[in-house]
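Listed below, chain by chain, are the residues.
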Amino acid sequence: MLLSVIILSYKVPYYLQLCLESVQRATQDIEAEIIVADNNSSDETAYLVTTYFPQVHFIENSENLGFARAYNQAAQQAKGKYFCILNPDTVLPEACFKTLLAFAEKQQNFGALGPRLIDGAGVYLPESKRNIPTPKVALKKMTGDTSSYYANQLAQDEVGLAPVLVGAFMLITQSAYHELGGFDEAFFMYGEDIDLSYRLLQLGYANFYCGNLPVIHFKGESTIKDRRYFRRFYKAMHIFQRKHFSQGFVSDKLLALVLNFLAFSKNQETLDKITSEESLERAYWCSDSEIPKGLVTKLKPQMKCESIRLDQITTKLPPGILTFDMNALSFTEVISTMQLLKNSKNRFRIRPSNCNFILGSDASTHRGALLKW
């Protein structure tokens, strides 16, 4: 077995369905298995996976085990030479694994790699590549200065060494994963990917960033930046600092007080101004079939609905909600089009194959949109 794709799911059944369709296409000609571990979502997740993806190995946990523990559990059952640690709110292009596995096979001391992540508006996510959060770098990050935190020594479309990768998509060898003992389960959520990346470097492995391969990470579905998020994030930073850069009891306690203060005082991030759906008067249906009547009835009555071919989409497209029908398109085409229009006022939605819903996200800092008919 060459590849094990391991997905941890928690209360995102429809995004998971879209993710699994993209993973299926990306593993079509690869000796691969797909494992989904669900952390007690108590929703439609189990039904959707077992009904529409019967070949997927589904692990249904009776409690929320957290990120690190659940991935370690699933990894014990994985057989691939490589593991792909993957979030359920991601969308992969068809050639994703062929490209990344071919790259990994050529590297010496390969530990892990990550692609260029973009959000649901086609915008690059800088956490795709990061530096080691030493105490100085971490303090600057926590006070809002990210200049040293992100690996800006690499351009977003470059390929090269990157110290820290993101757990939303991380390709790692099975041997390295088990040598490390997997994720450190002291991290419930956040920080475990930083810790794993750093421990790989300590063992002499190399981590790579592949900026030539974009992957969608809706992100807001699993990361709402409210007070709970900041408490968990700063707690994870404290665990990492105490584990790898401890300067004694007094310094650790002082750091904990600072982090607790920041977590308490931090409010939800202010979103950039974006064009809301309410202000849009057009809806585009990108497909070779007619616009579903059920979808039309769910849109605003005054909204103009029209079909559009992929080759008709340009940067001059008037602002609207652009829906991609996966019955007719490839994920590669969708991702490419989103990047083409990333600075426009258009909003993107995706309809998984043979489904009666569309979904997407207009910003990485809040939850996405789901419309069923």
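Residues numbered from 1 in each chain as written. Predicted model: local features only at pLDDT ≥ 70, side-chain atom pairs only at ≥ 80, totals over all residues. Heavy atoms only, no water.

Draft legend 1. Fine view of the overall build of the chain. Looking only at helices and strands, the chain has 11 helices and 15 strands in total. The buried share of the chain, reckoned over its 373 residues, is 57%. If you take every contact in the chain between residues at least 6 apart in sequence, the share linking residues at least 24 apart comes to 75%. Element-wise, carbon and sulfur atoms account for 50% of the exposed surface of the chain, whose accessible area totals about 16500 Å². (Helix = DSSP H or I, 4+ residues; strand = E, 2+ residues; numbered from the N terminus. Buried < 20%, exposed > 50% of the residue type's maximum accessible area, 1.4 Å probe, protein only. Contact = heavy atoms within 4.5 Å. Areas by Shrake-Rupley, 256 points an atom, 1.4 Å probe, with all protein chains shown as cover.)

Draft legend 2. How the structure looks around the pattern of salt bridges. A complete count under the given rule lists 11 salt bridges for this structure. The salt bridge partner of Arg25 is Glu21, with a shortest N-O separation of 2.8 Å. Of the two residues, Arg25 and Glu21 are both situated in helix α1 (residues 13-26); the distance of 4 residues between them amounts to about one turn of the helix. Using a relative accessible area of 22% as the deciding quantity, one classes Arg25 as partly exposed. Overall, Glu21 belongs to the buried group, its relative accessible area being 10%. Across the pair Asp29 and Lys98 runs a salt bridge, and its minimum N-O distance is 3.5 Å. Of this pair, Asp29 sits in the loop between α1 and β2 (32-38) while Lys98 sits in helix α4 (residues 96-105); the two residues are 69 residues apart in sequence, bridging distant segments of the chain. What makes Asp29 exposed here is its relative accessible area of 61%. Among the residues examined, Lys98 registers a relative accessible area of 46% and is labelled partly exposed. Three or more residues are tied together by salt bridges with common partners; here these are Glu21, Arg25 and Glu94. (Salt bridge = Lys/Arg side-chain N within 4 Å of Asp/Glu carboxyl O.)

Draft legend 3. Representation of the nonpolar core in the model. If you look at the biggest cluster of nonpolar residues, it comprises 38 residues, and the most contacted ones within it are Leu3, Ile7, Leu20, Leu86, Phe97 and Phe169. Other than its neighbours up to four places away in sequence, Phe97 contacts Leu3, Val5, Ala26, Thr27, Ile30, Cys84, Leu92, Ala102 and Phe169. Ala37, Tyr71, Ala74 and Ala162 belong to the second largest nonpolar core, which has 30 residues in total. (Core = buried A, V, L, I, M, F, W, Y, C linked by side-chain atoms within 4.5 Å.)

Draft legend 4. Expanded view of the packing of aromatic side chains. Taken as a whole and judged by the stated rule, the model has 14 aromatic pairs. An angle of 50 degrees between the planes, with centres 6.0 Å apart, marks the rings of Tyr71 and Phe183 as tilted. Residue Tyr71 is found in helix α3 (residues 67-75), and its partner Phe183 is found in the loop between α6 (174-180) and α7 (192-202); the two are separated by 112 residues along the sequence. Centre to centre, the rings of Phe97 and Phe169 are 6.1 Å apart; their planes meet at 25 degrees, and the pair counts as stacked. Of this pair, Phe97 sits in helix α4 while Phe169 sits in strand β8 (residues 169-173); the two residues are 72 residues apart in sequence, bridging distant segments of the chain. Each member of the pair, Phe97 as well as Phe169, carries the same accessibility label: buried. Ring pairing ties together the aromatic residues Phe67, Tyr71, Phe83, Tyr177 and Phe183, which thus form one cluster. For Lys129, the ring lying beneath its charged end belongs to Tyr209, and the centroid distance is 5.7 Å. (Phe/Tyr/Trp six-rings, centres within 6.5 Å; stacked < 30°, edge-to-face > 60°. Lys NZ or Arg CZ within 6 Å of the ring centre and 35° of its normal.)

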